[in-house]
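# What the coordinates show
Each chain, letter by letter, is given below.
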Amino acid sequence: MALLQWKDQYSVGIEAVDHEHKELIALINRLHDELTGKGALSSAEAFFGDLFMGISAHFALEERFMREHRYDQLGEHKADHERLLDEIRDMMDELVADESNASEDLSARLDAWFSRHFETHDARLHKALGSHAH
Ligand SMILES: [Fe+2]
Ligand SMILES: [Fe+2]
């Protein structure tokens, strides 16, 4: 089962950005399927490593875009990105320590972060500056 579901409230109002966010969610779901099914990912560490890389790449793109445009809320926005990356590190430690309920907890925490971040920081950024996708 998919870990995360795209929701209309995630939309920032720019199709190219929504598309990128949908791809991020699809990546998370694919990794999760691989971890829980018989795919290539053999361990929680591999899952979180790939998850971290996929999410970091998107954040790096957004942060570069904000720097290039001297965006006024770069600091706050970047801090929220860092908060998720920290939380992913915590989740990995917890999963390694105790695998029970990990997937349910993971989806709730990722979902909460994405809903809030997309609706607030990303919506404001892309309303102000448009899309970084070409
Ligand atoms: Fe984003
Ligand atoms: Fe963002």
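Structure shown above.
Residues numbered from 1 in each chain as written. Chains lettered and ligands numbered in written order. Predicted model: local features only at pLDDT ≥ 70, side-chain atom pairs only at ≥ 80, totals over all residues. Heavy atoms only, no water.

Distances from the iron ion (ligand 1) to its protein donors, His21 (NE2), His58 (NE2), Glu62 (OE) and Asp122 (OD), fall at 1.9 to 2.2 Å. Here the iron ion (ligand 1) binds four donor atoms, and the angle range of 85 to 167 degrees at the metal identifies the geometry as irregular. Each donor residue of the iron ion (ligand 1) belongs to the same chain, and together they define the spacing H-x36-H-x3-E-x59-D. Taken as a pair, the iron ion (ligand 1) and the iron ion (ligand 2) lie 3.7 Å from each other and share Glu62 as a ligand. With His21 in helix H1 (residues 15-36) and His58 in helix H2 (residues 44-68), the pair connects residues that are 37 residues apart, well separated along the chain. In this structure, His21 and His58 share a single accessibility class: buried. (Donors = N, O, S within 2.8 Å, 3.2 Å for Na, K, Ca; no water. Tetrahedral: all angles 85-135°; square planar, octahedral: opposite > 155°, others 65-115°. Helix = DSSP H or I, 4+ residues; strand = E, 2+ residues; numbered from the N terminus. Buried < 20%, exposed > 50% of the residue type's maximum accessible area, 1.4 Å probe, protein only.)

Next up on the list: the coordination of the iron ion (ligand 2). Glu62 (OE), His77 (NE2), His81 (NE2), His117 (NE2) and Asp122 (OD) make up the full set of protein donors to the iron ion (ligand 2), lying at 1.9 to 2.2 Å. Sequence spacing of the donor residues for the iron ion (ligand 2), all on one chain, is E-x14-H-x3-H-x35-H-x4-D.

So, about the side chain of His77. Following the sequence through the fold, His77 ends up in helix H3 (residues 74-97). What His77 contacts, discounting residues up to four positions off in sequence, is Glu62, Met66, Tyr71, His117, His121, Asp122 and Leu125. (Contact = heavy atoms within 4.5 Å.)

What follows is about the packing of H2 against H3. Here H2 crosses H3 at 180 degrees, and the two axes come no closer than 11 Å. Taken together, the axes of H2 and H3 lie roughly antiparallel to each other. Together, Ala44, Glu45, Phe48, Leu51, Phe52, Ile55, Ser56, Phe59, Glu62, Glu63, Met66 and Arg67 of H2 and Leu74, His77, Lys78, His81, Leu84, Leu85, Ile88, Arg89, Met91, Met92, Leu95 and Val96 of H3 make up the contact between the two elements. Classifying every residue of the contact of H2 with H3 gives 15 nonpolar, three polar and six charged. (Axes fitted to C-alpha atoms, helices over the stretch in contact; angles between N-to-C directions. Parallel < 35°, antiparallel > 145°, perpendicular 65-115°, else oblique. Nonpolar A, V, L, I, M, F, W, Y, C, P; charged D, E, K, R; others polar.)

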